[in-house]
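# Remarks on the overall topology
Residue-level listing of the chains:
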Amino acid sequence: MSYGIEFVPGNVNVKQVVNYCKLAEQKDIDFAWITNHYNNRHCYPTLAAIAQATDSLKMGPGIMNTFTDTPAAIASFMCTLNEISDGRAVLGIGPGDLSTLPKLAIDPVKPVARLKEGVQQIKALCTGEEVKKSGNMEFFDYDGAKLTGVTLPAKKKQIPVYIGAQGPKMLELAGEIGDGALINASNPKDFDIAIPLIKKACDAVDDKKFKKFDVGAYTAMSIDQSEKKARNAAKIVAAFIAAGSPPPLLQRHGLDLANVGKIKDALARFDFGAVGGLVGDAEIDAFTIAGTPEMVKEKCDNLTASGVTQIIFGSPLGPDMTNSIRLLGKYII
C-alpha cells in the first residue's frame, strides 16, 4: 500500500502547497497529485516548485487531459519535471472535465479514443522516438515530432502513467494502457465494480500486468479529532459529488434521489446553508471518508481489502489542513 495526497492550488497558493507537500513527505506520504484547472494556479510551475523543495515525494498532475494540452506539450513538461525531481515524476491523465471544456469552446468528442492516442504519443516521445505520420490516428498523427532539448527518462525508468477513470470504457482503457488508475471514489462498493474491469483489460495485455498495476482511490478526505468538525467539513464536497452523480451510482449507495435533487437545486442557487442541512450521513459516507482518525483508519482498511493499492487523501482533507496531514501521518500511514 502507498499513499498520496491531493492539493488544489486555487484555495491555497503555491508557497502553501509546497509547504504542505514538505510536511506530507515528512509524514511518509508517497505521492503528491496537483489538480489541473484552468481557473486556478497552474499545476506545471507548482509541481516544479514541489520537486525542488522535496527529496523523496513522487509528484504529478492530477490530472491533465489531451483537450487543453497536446501530447507533445505534456511529454515535454513531464520529462522536464522528471529531470528537476531526479526521476520522481508521475503523470495523471484523463478524458478532461466534461463540465468545464464546453466553457472553453472545446467540444469534448470521443474522449476515450483521444486519450488513447494521446498517451501513445506521450510514451513514444518520452522514449526519444521520432514520431512519424502513420495515417492511423484521428487526433494526433504527428509528422516527425521528437523531443530534442530535454533529458529523457532512462529506458528502464519511464514515467508512470495513471489514467483518471470512472466509467467502464475509461476503466478498461486504464487497464489496457496505464500503469495505474486514479479513480474518484471513496467507497469499496465502487471499487468492487471498477477493479474487475481493470483486471480484465490488464489480463488481455499480459496476464502478469495487473500484479504491478496501481489502483488509486482518489478519495474526498476529511479527518479531525472532532467527528462533527470532520464531517461538517466534508458536506460541501459530498454535495457536489452527489449532485454530479448519475442515478445508477446514487442507487448503488442507497441514496434518496429526491433529496439529491434538492441538494442539486440548492447548489445551483449557491445556497450553501440549505446544502448543509440537506447533506446527511448517507451522502457523506457514500462519497467521502470523514471522521475521527479511528473512523478514517477503518474506512481506509476497507479500501485496502477491496483491492486498492494507493489511497489518495483528497480535498478537503479536514477543517485544518496542517492538522489533517499530521493526523494522517500519525494514525493512517
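Residues numbered from 1 in each chain as written. Predicted model: local features only at pLDDT ≥ 70, side-chain atom pairs only at ≥ 80, totals over all residues. Heavy atoms only, no water.

### Section: the overall build of the protein chain
For the protein chain, the helix and strand inventory stands at 14 helices and ten strands. A globule of 333 residues ought to have a C-alpha radius of gyration of about 20 Å, and the protein chain, at 20 Å, matches this closely. Reported as C-alpha extents along the three principal axes, the dimensions of the protein chain are approximately 60 × 40 × 40 Å. When each of the 333 residues of the protein chain is scored for burial, the buried share is 51%. Taking as baseline every contact in the protein chain between residues at least 6 positions apart, the subset at least 24 positions apart corresponds to 74%. With the model as given, the accessible surface of the protein chain reaches about 15,300 Å², and the carbon-plus-sulfur share is 51%. Computing the positive centroid from 37 side-chain charges and the negative centroid from 37, the protein chain places the two 2 Å apart. (Helix = DSSP H or I, 4+ residues; strand = E, 2+ residues; numbered from the N terminus. Rg over C-alpha atoms; globule rule 2.2 N^0.38 Å. Buried < 20%, exposed > 50% of the residue type's maximum accessible area, 1.4 Å probe, protein only. Contact = heavy atoms within 4.5 Å. Areas by Shrake-Rupley, 256 points an atom, 1.4 Å probe, with all protein chains shown as cover. Lys, Arg positive; Asp, Glu negative; His and termini not counted. Charge placed at Lys NZ, Arg CZ, Asp CG, Glu CD.)

### Regarding the environment of Ala48
Among the structural elements, Ala48 can be located in helix H2 (residues 43-53). Here the alpha-carbon distance between Ala48 and Val18, two residues 30 residues apart in the chain, equals 9.8 Å. Look past the residues within four positions of Ala48 in its chain and what remains in contact with it is Leu81 and Ile84.

### Details of the pattern of salt bridges
Counted by the stated rule, this structure contains ten salt bridges. Residue Asp141 pairs with Lys133 through a salt bridge whose shortest N-O separation is 3.8 Å. The network of salt bridges with common partners includes Arg231, Asp281, Asp285 and Lys299. (Salt bridge = Lys/Arg side-chain N within 4 Å of Asp/Glu carboxyl O.)

### A word on the nonpolar core
In this structure, Phe7, Ile93 and Phe313 are the most contacted members of the largest nonpolar core, which totals 76 residues. Setting aside residues up to four positions removed in sequence, Phe313 forms contacts with Tyr3, Gly4, Ile5, Glu6, Ile29, Thr219, Met221, Cys300, Leu328, Ile332 and Ile333. One finds Ala243, Ala266, Leu267 and Val275 within the second-largest nonpolar core, a separate group that totals eleven residues. (Core = buried A, V, L, I, M, F, W, Y, C linked by side-chain atoms within 4.5 Å.)

### A few points about unusual backbone geometry
The amide bond that connects Gly62 to the next residue, Ile63, takes the cis arrangement and shows omega of 10°. Here Ile63 lies in the loop between strand E3 (58-61) and strand E4 (64-65). With omega at 15°, the peptide bond leading from Ser315 into Pro316 counts as cis. The topology assignment puts Pro316 in strand E10 (residues 310-317). You will see that Ala105, though not glycine, has its phi angle at about 60°, which is positive. Position of Ala105 among the secondary structure elements: in the loop between strand E5 (91-94) and helix H4 (111-126).

### Describing the side chain of Ser85
Within the element layout of this structure, Ser85 appears in the loop between helix H3 (71-84) and E5. A polar side-chain atom of Ser85 sits 2.8 Å from the main-chain carbonyl oxygen of Leu81. Only 3.4 Å separates the side chain of Ser85 from the backbone oxygen of Asn82, close enough to count as a polar contact. Sequence-distant contacts of Ser85, that is, excluding residues within four places in its chain, are made with Ala51 and Met59. (Polar contact = N/O pair within 3.5 Å; in protein donor to acceptor, adjacent residues only side chain to side chain.)

### Here we look at the packing of H3 against H4
The axes of two packed helices give the description: the angle between them and the distance between them. Two elements in contact, H3 and H4, have axes whose closest approach is 9 Å; the angle formed by their N-to-C orientations is 45°. Considered as vectors, H3 and H4 are oriented oblique to each other. Crossing of H3 against H4: the hand is right-handed. Residues Pro71, Ala72, Ile74, Ala75 and Cys79 of H3 touch H4, and the partners they reach there are Gly118, Gln121, Ile122, Leu125 and Cys126. Considered class by class, the residues forming the contact of H3 with H4 number eight nonpolar, two polar and no charged. (Axes fitted to C-alpha atoms, helices over the stretch in contact; angles between N-to-C directions. Parallel < 35°, antiparallel > 145°, perpendicular 65-115°, else oblique. Left-handed = near helix turned anticlockwise from the far one by under 90°. Nonpolar A, V, L, I, M, F, W, Y, C, P; charged D, E, K, R; others polar.)

### Quick notes on the state of the cysteines
Overall, the coordinates contain zero disulfides when judged by the stated rule. The closest cysteine sulfur to the non-disulfide-bonded Cys126 is located on Cys79, 3.7 Å from its own sulfur. Considering cysteine sulfurs only, Cys21 is the nearest to Cys300, which forms no disulfide, with 19 Å between them. (Disulfide = S-S within 2.5 Å.)

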